[in-house]
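Below are the chains, spelled out letter by letter.
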Amino acid sequence: MLEKEPLYDKPDNPYTHKEELISKGNDFEVYGYDENYVVKIPHSSDSQNPLYYNDLLNDYTKMKEIFGDNLSDSYFIPPEKTDNGTYRIIQPRFRQEEFLDIIPKEEFRGFILEHRALFEDLLQKAEKAKEEFKVPVDLTVHNIAFHDGKLIITENDSPTARLRDEHFGKKIESDNMTMELLRKLLSEP
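Residues numbered from 1 in each chain as written. Predicted model: local features only at pLDDT ≥ 70, side-chain atom pairs only at ≥ 80, totals over all residues. Heavy atoms only, no water.

### A word on the sheet that holds strand β2 (residues 28-32)
- Ordered by their spatial adjacency, 5 strands build an open sheet running β1-β2-β3-β5-β4, and the pairing between neighbours is antiparallel. With partners counted over all chains shown, the strands left at the sheet margins are β1 (21-24) and β4 (75-77), one partner each. With strand direction ignored, the average angle separating the axes of adjacent strands in the sheet is 25°. (Pairing = 2+ DSSP bridges. Helix = DSSP H or I, 4+ residues; strand = E, 2+ residues; numbered from the N terminus. Axes fitted to C-alpha atoms, helices over the stretch in contact; angles between N-to-C directions.)

This is how it looks when you write it as structure tokens:
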């Protein structure tokens, strides 16, 4: 969802409001926004770059077309409207125990096979996205929630920007490996 869409009837200012720090990743600090939403504030060098922000919006639109309900709804707030001139993203709040990184490594293979159809669908969509963007999407387990019987990607980044920036070579290689390992596991009987 783009910035022109209303963020429901929120009394708090989406341009400046944030609550408790929930987590900090490579790209974002995630804060509570209210009981149903979080606000993601980027801390990368691109956070104030209007060209990156436009790529992010365009890529999200294409990703949403490909992934549908498997990509978290996201409300984008442009950098010029926020404090510190850094864009923001507001998303639904998922419980920590819904993220796949909470599953112990020794149980993860079984979880994938138990939910084979969901992972096959996600992999098929990830392959379509890779065809579209020429780089793989980020299927890191701490960016995927298992919510209401669905796998939902919560990561917001720009595959277009990753394709242009040679600094992402190792990340692209790692994401390709993740897809290959998932493909291999799902091909087992």
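Now that the structure has been shown, the text picks up again.
### Observations concerning the environment of Y53
- Looking at where Y53 falls in the secondary structure, it is placed in helix α1 (residues 50-67).
- Along the chain, Y53 and G85 lie 32 residues apart, while their C-alpha atoms are 12 Å from each other.

### A few points about the nonpolar core
- Within the largest apolar cluster, 36 residues are counted, with the highest numbers of intra-cluster contacts made by F67, L100, F119 and L139.
- Looking at this core, the elements that each hand over two or more residues are α1, α2 (105-114), α3 (116-133), β7 (150-153) and α5 (169-187).
- By residue number, the principal contributor to this core is α1, which donates 8 residues. (Core = buried A, V, L, I, M, F, W, Y, C linked by side-chain atoms within 4.5 Å. Buried < 20%, exposed > 50% of the residue type's maximum accessible area, 1.4 Å probe, protein only.)

### Here we look at the pattern of salt bridges
- The final tally for this structure, using the stated rule, is 16 salt bridges.
- Across the pair E20 and R93 runs a salt bridge, and its minimum N-O distance is 3.3 Å. One end of the pair, E20, is in the segment before β1; the other, R93, is in the loop between β5 (88-92) and α2, and 73 residues separate them in sequence.
- What makes E20 partly exposed here is its relative accessible area of 39%. (Salt bridge = Lys/Arg side-chain N within 4 Å of Asp/Glu carboxyl O.)

### Let's talk about the side chain of S158
- Mapped onto the elements of the fold, S158 is located in the loop between β7 and α4 (159-164).
- On the accessibility criterion, S158 (2% relative accessible area) is buried.
- Here the side chain of S158 touches D59 through a polar contact of 2.7 Å, side chain to side chain.
- Not counting residues up to four positions away in its chain, the partners in contact with S158 are Y52, D55, L56 and D59. (Polar contact = N/O pair within 3.5 Å; in protein donor to acceptor, adjacent residues only side chain to side chain. Contact = heavy atoms within 4.5 Å.)

### Some words on unusual backbone geometry
- Of note, K134 is a non-glycine position whose phi angle comes to about 75°, a positive value.
- Residue position: K134 is located in the loop between α3 and β6 (144-147).
- For K134, a relative accessible area of 58% corresponds to the exposed category.
- A positive phi angle is found at D148, which is not glycine, with a value near 50°.
- Among the structural elements, D148 can be located in the loop between β6 and β7.

### Points about the packing of aromatic side chains
- All told, the structure shown has 7 aromatic pairs when counted by the stated rule.
- Relative to Y75, the ring of Y37 lies with its centre 6.3 Å away and its plane at 75°, an arrangement referred to as edge-to-face. One end of the pair, Y37, is in strand β3 (residues 37-42); the other, Y75, is in strand β4, and 38 residues separate them in sequence.
- We classify Y75 as buried; its relative accessible area is 5%.
- One aromatic cluster in this structure is built from Y52, Y53 and Y87.
- Against the face of Y31 rests K18, its NZ or CZ located 4.4 Å from the ring centre. (Phe/Tyr/Trp six-rings, centres within 6.5 Å; stacked < 30°, edge-to-face > 60°. Lys NZ or Arg CZ within 6 Å of the ring centre and 35° of its normal.)

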